[in-house]
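Observations on the three-dimensional arrangement
Single-letter residue listing:
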Amino acid sequence: MSVAEAKEKLQDTSEGTFLVRDSSHSEYLLTISVKTSAGPTNLRIEFQDGKFRLDSIICVRSRLRQFNSVVHLIEYYVLMCQDRSTATEIPSNGTVHLYLNKPLYRSVPSLQHCCRIAINRYTKEIQELPLPTRLKEYLKDYQYQV
């Protein structure tokens, strides 16, 4: 997916909607495209010494957290953003906050997956549900809040 295609897909979505795509820059494998308060933007994912982190300017790069996988990187920033206040203003220095809260899906999730999300949304007591063990394991395998 190109930068223009990502921008088009994110244009009419809510702030925090994101997708992960192949990077158009040859030095990076992946890019996060996200709808910010200022519109769609792109963040490259850097891979160095077997770890992933967001690309940044040199003076900040060493302070950014590194992850063993892109999934862990995305999960960290999504969970971090759940604590975000409801204010969506642009900071006075002209920068925007990174806010990831909802992946943009290319296709409709299966009914099975939708049920898993609904169950996880309403209970953390999966073990207590009167369900077969295999189904409980499937439910617990998806721990993201939606």
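Each chain carries its own residue numbering, running from 1 in the direction its sequence is written. In keeping with the predicted nature of the model, local features appear solely for residues at pLDDT of at least 70, side-chain atom pairs appear and are counted solely at 80 or more, and the whole-chain, interface and lining totals rest on all residues. Side-chain metrics in this entry use all non-hydrogen atoms of the structure; hydrogen atoms and water are not considered.

**Quick notes on the overall build of the chain**
A run of H or I in DSSP becomes a helix once it reaches four residues, and a run of E becomes a strand once it reaches two; helices and strands are each numbered from the N terminus. Scanning the chain for helices and strands turns up five helices and five strands. Listing each helix as α and each strand as β along the chain from the N terminus yields α-β-β-β-β-α-α-β-α-α. When each of the 146 residues of the chain is scored for burial, the buried share is 30%. Look at the contacts in the chain between residues 6 or more apart in sequence, and 33% of them connect residues 24 or more apart. Reported accessibility uses the Shrake-Rupley method at a 1.4 Å probe radius. Residues are deemed covered only where the shown protein chains occlude them. Of the accessible surface of the chain, which amounts to about 10000 Å², a share of 53% is contributed by carbon and sulfur atoms. Burial here depends on accessible area, computed with a 1.4 Å probe over protein chains only, as a share of the maximum for the residue type. Under 20% is buried, over 50% is exposed, and the range in between is partly exposed. Contacts were defined at the residue level, with two residues in contact if any of their heavy atoms lie within 4.5 Å.

**Topic: the nonpolar core**
Nonpolar cores were defined as sets of buried Ala, Val, Leu, Ile, Met, Phe, Trp, Tyr and Cys residues, with membership established by side-chain atoms within 4.5 Å. By size, the foremost hydrophobic cluster in this structure holds 13 residues, and its most contacted members are Phe18, Ile32, Ile45, Leu73, Ile74 and Leu100. For this core, the secondary-structure elements that each account for two or more residues are strand S2 (30–36), strand S4 (51–54) and helix H3 (70–81). When neighbours within four sequence positions are excluded, Ile45 is seen to be in contact with Tyr28, Leu29, Leu30, Thr31, Ile32, Phe52, Arg53, Leu54, Val70 and Leu73.

**Points about the sheet that holds S2**
For two strands to be treated as a pair, DSSP must find no fewer than two bridges joining them. The five strands lie next to each other as S4-S3-S2-S1-S5, forming an open sheet whose pairing is mixed. Each having just a single partner strand, S4 and strand S5 (102–103) make up the two edges of the open sheet. In terms of strand pairing, S2 meets strand S3 (residues 39–48) through seven bridges, oriented antiparallel. Note on S3: the bridge partner recorded for Lys35 is Pro40. Set on the sheet, H3 makes contact with strand S1 (17–22), S2, S3 and S4; between it and S4 the angle comes to about 40 degrees. Throughout, an axis means a line fitted to C-alpha atoms (over the contacting stretch in the case of helices), and angles, computed between N-to-C directions, take values from 0 to 180 degrees.

**A closer look at the packing of aromatic side chains**
Any two rings among Phe, Tyr and Trp, with Trp reduced to its six-membered ring, count as a pair given centres within 6.5 Å; such a pair is stacked if its planes are under 30 degrees apart, edge-to-face if over 60, and tilted if neither. Under the counting rule described, the total for this entry stands at four aromatic pairs. Here Phe47 and Phe52 contribute two aromatic rings whose centre-to-centre distance is 4.6 Å and whose plane-to-plane angle is 45 degrees, an arrangement assigned as tilted. In this structure Phe47 comes out as partly exposed when scored by relative accessible area, which is 46%. Phe52 gets classed as buried once you look at its relative accessible area, which sits at 14%. A centroid spacing of 5.0 Å and a plane angle of 85 degrees characterise the contact between Tyr76 and Tyr77, whose relative ring orientation is edge-to-face.

**Here we look at the pattern of salt bridges**
Any Lys or Arg side-chain nitrogen located within 4 Å of an Asp or Glu carboxyl oxygen qualifies as a salt bridge. Across all of its chains, the model carries one salt bridge by this definition. For Arg53, the salt bridge identified is with Glu46, shortest N-O distance 2.7 Å. Of the two residues, Arg53 and Glu46, both sit in the buried class.

**Some points on the state of the cysteines**
In this description, a disulfide is simply a cysteine sulfur pair whose atoms lie within 2.5 Å. Tallying each qualifying case throughout the model produces zero disulfides. In this structure Cys114 is not part of a disulfide, and its nearest cysteine sulfur, from Cys115, lies 7.0 Å away. Given the relative accessible area of 36%, Cys114 is considered partly exposed. A relative accessible area of 39% means that Cys115 is categorised as partly exposed.

**Here we look at the side chain of His113**
Of note, His113 is situated in helix H4 (residues 111–122). The contacts of His113, once residues within four sequence positions are left out, are Tyr138 and Tyr142.

**Considering the confidence of the model for the chain**
A score from 0 to 100, pLDDT tells how confident the predictor is in each residue. In the predicted model, the chain carries a mean pLDDT of 81, and the fraction of residues at 70 or more is 83%. The least confident element of the chain is helix H2 (residues 58–61), whose mean pLDDT is 63; the most confident is S2, at 92. When the criterion is pLDDT under 50, residues 86–94 qualifies, and its contacts beyond four places in sequence or with other chains add up to nine contacts.

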